[in-house]
Amino acid sequence: MKRFFVGSLAVVGALSILLFGCLVGLLILGASNKPTVPGQVVLELELDERLVEYVPEDSLASAFGSERLTVRDVVDALEKAGGDERVKGLVVKVSGTPGSTAVVQELRDAVKAFRATGKKAVAYADTFGESGNATGGYYLASAFDEVYVQPSGEVSVTGVAIETPFARDALAKLGVKPRMSKRHEYKAAVNTFTEQTYTGPHREETERFLTSLLGQMVKGVAEERDLSEEQARAAVDAAPLLAQEALEAKLVDGLLYRDEVYAKVKEAAGEGARLLYLEKYLERAGRPNQTGPQSVALIYGAGEISRGQSRANPMSGDVTMGSDTVAAAFRKAVEDERVKAIVFRVDSPGGSYVASDSVRREVQRAREKGKPVIVTMGTYAASGGYFVSMDADKIVAQPGTLTGSIGVYSGKMVTAEFWEKLGVNWEPLGAGKNATMYTSDADFTPEQNAKHEASLDRVYADFTGKAAAGRKMPLEKMQDVARGRVWTGEDAKAHGLVDELGGFPVALKLAKEAAKLEGPVRVEVFPRKKGAAEVLSELLGEKQGDNSEDEAAGVRMTAPWHPVFEQTRALYRLGTQLGVVGEQRRQVLSAPVPETSW
């Protein structure tokens, strides 16, 4: 029996090795027979899910060459295609909203730049919304030469909206007392717990934010569809529109089915033209800005800001901006003699005050070492996301970027009454006068509350002071536009918080100008991309770097089996948020990131 088991294990082991060898062989064979771009193609893109901002170069999918499409992928592919004689046109099926207002604006800019090369771009949808809001999807489509919708479809451009939950009364019924403070009246992150409706300042900033977004959308549609802004706004107010009504309102160019649209596109491209997915084209043709003796570093700061290494979950796609990782990437770029400037892509609602300051310091040091830093903001760069940006040479944002929120909040939830209702008595003991200051069992004492409030004052003063210095703005003026208020990129530019409106191409142009670079340059992502073996080894717990500098300059991967444990932690995380269990985050530079319906 023993020999049987040993023999069985040997057979299984041999088969496993054989299977692994076959897999490696297939990968090598596939790489050696890499397909090329046909001589005459129409690029095809299906936007059926939101584009991600960033897939870490360390991700397991990235290591094996398969990953989700990013905003930069689309922008780079269209830039490359604009100068490629093989590409005759572009057709995009819009099945939903590909992202936030800022993401849509980044894509619109790329489409318009592609069209400016003389190539035709066509957008198609079976419907822009079906019993739902599709303003974002149509806003993107309006940037194309032609827009078509299926005869049975509709154009539901109903505008932009935000729903905010307020749970003060619910928490009171549970016996949970929020003891949260903020600086200042516009810092709305804690209002969900402390209020039952919008405060005056919260309502004011939210309504202004929505008004600015709608104004940008109306103006963009009007310009591209050859309408007046009054006509475009009237269409929004009349929506949802049936397909025929949208045609009469000049929002679309025709009512066609998919086969009819694609037949027109192929005919316009010329005989022999083939369709090719945009992501396949990028894979085969390569990115633009990959030649030249000098380099511009591209560093991503995506997700909630935390101390330590950046983290990525290969299952969910969620990422965090770890201060150690981003700081190390800056140091690596500064040390690289080929790198003459740095483009810092920030897409973050904020997070840790200390971590934000660590990253800000590296931005400052890069500039002191003679490497210009240009920030390009994505969907949001608010609170801590603005903190890491404010010392850059220039800040670029899309008109719809959520930014600002220069303020701070902190506190705890007092849950003694909640546990009393359950018959549970938490009784903390501590050695030290304030050892139990942040327990959830008791309120702050007057002395502890004074310390807590003083801490918020210090953080706020530090934030506004450094922001004023970074933006070369009088402190009084900075304090006027701070107070925790969020702004769209459009309004932020008017108030001096950002310098230019646009995306990646604008930031790269400014970086080249700041470094006095002429001609082609290489855009290199820092930290470097890891190989499959390195990623797999890291997932098994093996350190890859020779020292802390090497180890920090990467993204710590969450093991694929980690989501199983996450399921069991869901209730714990909810309890932590409510203050029922766990340790609360204290000083947080974080902005509320509402889910915008559009």
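The structure contained in this document is the topic of the report that follows. (Residues numbered from 1 in each chain as written. Predicted model: local features only at pLDDT ≥ 70, side-chain atom pairs only at ≥ 80, totals over all residues. Heavy atoms only, no water.)

What follows deals with the sheet that holds strand β9 (residues 254–255). Spatially, the six strands line up as an open sheet ordered β9-β4-β3-β2-β1-β10, and their pairing is parallel. The strands lining the two open edges of the sheet, one partner per strand, are β9 and β10 (274–277). Running over the sheet, helix α4 (residues 101–115) touches β2 (87–94) and β3 (120–125) and is turned about 135 degrees from β3. Together, β1 (41–47), β2 and β10 form the strand contacts of helix α12 (residues 278–285), whose direction differs from that of β10 by roughly 80 degrees. (Pairing = 2+ DSSP bridges. Helix = DSSP H or I, 4+ residues; strand = E, 2+ residues; numbered from the N terminus. Contact = heavy atoms within 4.5 Å. Axes fitted to C-alpha atoms, helices over the stretch in contact; angles between N-to-C directions.)

Between α4 and helix α8 (residues 200–224), the least distance of the axes is 12 Å, while the angle of their chain directions is 20 degrees. With respect to α8, the element α4 is oriented roughly parallel. Note on packing geometry: the crossing formed by α4 with α8 is left-handed. Mapping the contact onto sequence places Thr101, Gln105, Arg108, Lys112 and Arg115 in α4 and Leu213, Gln216, Gly220 and Glu224 in α8. (Parallel < 35°, antiparallel > 145°, perpendicular 65-115°, else oblique. Left-handed = near helix turned anticlockwise from the far one by under 90°.)

Below, the discussion takes up the packing of helix α14 (residues 353–368) against helix α17 (residues 446–470). The contact between α14 and α17 brings their axes to 12 Å, and the two run at 25 degrees. Classed by the angle they form, the pair α14 and α17 counts as roughly parallel. Here the hand of the crossing between α14 and α17 comes out left-handed. In this structure, α14 contributes Tyr353, Asp357 and Arg360 to the contact, and α17 contributes Arg458, Val459, Asp462 and Lys466. Tallied by class, residues from the contact of α14 with α17 come to two nonpolar, no polar and five charged. (Nonpolar A, V, L, I, M, F, W, Y, C, P; charged D, E, K, R; others polar.)

Turning to the packing of aromatic side chains, a few remarks are in order. Counted according to the given criterion, the structure contains nine aromatic pairs. Ring plane angle 90 degrees and centroid distance 6.0 Å describe the contact between Tyr353 and Phe387, whose orientation is recorded as edge-to-face. Note that Tyr353 is positioned in helix α14 and Phe387 in helix α15 (residues 384–387), a separation of 34 residues in sequence. Considered together, Tyr353 and Phe387 belong to a single accessibility category, that of buried residues. Note on Phe418 and Trp419: the rings are 5.2 Å apart at their centroids and 75 degrees apart in plane angle, and the pair reads as edge-to-face. Pair check on accessibility: Phe418 and Trp419 agree, each one buried. (Phe/Tyr/Trp six-rings, centres within 6.5 Å; stacked < 30°, edge-to-face > 60°. Buried < 20%, exposed > 50% of the residue type's maximum accessible area, 1.4 Å probe, protein only.)

Before going further, it helps to examine the pattern of salt bridges. Tallied over the full model, the rule gives 33 salt bridges. Put simply, Glu224 and Arg115 hold a salt bridge, and the shortest N to O gap is 3.1 Å. One end of the pair, Glu224, is in helix α8; the other, Arg115, is in helix α4, and 109 residues separate them in sequence. Exposure remark for Glu224: the relative accessible area of 23% places this residue in the partly exposed category. Via salt bridges that share partners, Asp357, Arg360, Asp391, Asp462 and Lys466 belong to a single interconnected network. (Salt bridge = Lys/Arg side-chain N within 4 Å of Asp/Glu carboxyl O.)

Judged by nonpolar contacts, the single largest core of 65 residues is most densely connected at Leu90, Phe128 and Leu251. Looking at which element gives the most residues to this core, the answer is α8, with eight residues. Counting 46 residues, the second largest nonpolar core, distinct from the first, contains Ala333, Val373, Ala397 and Met478. (Core = buried A, V, L, I, M, F, W, Y, C linked by side-chain atoms within 4.5 Å.)

Okay, the pairing of strand β4 (residues 146–149) next. Burial along β4 is two-sided: the face carrying Glu146 and Tyr148 and the face carrying Val147 and Val149 are both buried. By the bridge criterion, four bridges tie β3 to β4 in an arrangement that is parallel. Note on β4: the bridge partner recorded for Ala125 is Val149. A crossover connection joins β3 to the parallel β4 through helix α5 (residues 135–141); in handedness this β-α-β unit is right-handed. For β4 and β9, the ladder comprises two bridges, and the chain directions are parallel. Paired with Val149 across the bridge in β9 is Leu255. (Right-handed = clockwise from strand over helix to strand, strands pointing away.)

With that settled, the discussion passes to the side chain of Arg72. Among the secondary structure elements, Arg72 is positioned in helix α3 (residues 71–82). Those residues in contact with Arg72 that lie beyond four places of it in its chain are Arg287, Gln290, Leu298, Tyr300, Phe504, Val523 and Val525.

For α3, spanning 12 residues, the distance from its first C-alpha to its last is 17 Å, which sits close to the expected 16 Å at 1.5 Å a residue. Summarising burial for α3: 10 of the 12 residues are buried, a large majority. Val71, Arg72, Asp73, Val74, Val75, Asp76, Ala77, Leu78, Ala81 and Gly82 are the residues of α3 that are buried. (Expected span 1.5 Å × (residues − 1).)

The buried fraction of strand β20 (residues 408–414) is high, at seven of seven residues. Burial along β20 is two-sided: Val408, Ser410, Lys412 and Val414 facing one way and Tyr409, Gly411 and Met413 facing the other are all buried.

Let's shift gears to unusual backbone geometry. Trans peptide bonds make up the majority, and among non-glycine residues the majority have a negative phi. A cis amide bond links Arg183 to the next residue, His184, at an omega of 0 degrees. Along the polypeptide, His184 turns up in the loop between β7 (177–183) and α7 (191–194). Unlike most non-glycine residues, Asn289 shows phi in positive territory, near 60 degrees. Along the chain, Asn289 falls in the loop between α12 and β11 (295–302). Taking relative accessible area as the criterion, Asn289 reaches 25% and is therefore assigned partly exposed. One non-glycine residue with positive phi stands out, namely Lys516, at about 55 degrees. Structurally, Lys516 can be placed in the loop between α20 (504–514) and β23 (522–526).

In this model α14 runs 23 Å from its N-terminal to its C-terminal C-alpha over 16 residues, within 8% of the 22 Å that 1.5 Å per residue would give. Residues of α14 that are buried include every one of Tyr353, Ala355, Ser356, Val359, Arg360, Glu362, Val363 and Ala366, and no others. At the N-terminal end of α14, a side-chain oxygen is found 3.3 Å from the backbone nitrogen of Val354, two or three residues along, and the residue is Ser352. Positive phi shows up at Gly370, right after α14, with a value of about 90 degrees. (Polar contact = N/O pair within 3.5 Å; in protein donor to acceptor, adjacent residues only side chain to side chain.)

Let's shift gears to a nonpolar patch on the surface. A surface patch of nonpolar side chains, amounting to about 300 Å² of accessible area, comprises Leu422, Val424 and Trp426. As for its placement among the helices and strands, Val424 is situated in the loop between α16 (416–421) and α17. On the basis of relative accessible area, Val424 is assigned to the partly exposed category, the value being 34%. (Patch = residues over 30% accessible without salt bridge, like charges linked within 9 Å, V, L, I, M, F, W, Y side chains within 5 Å. Areas by Shrake-Rupley, 256 points an atom, 1.4 Å probe, with all protein chains shown as cover.)

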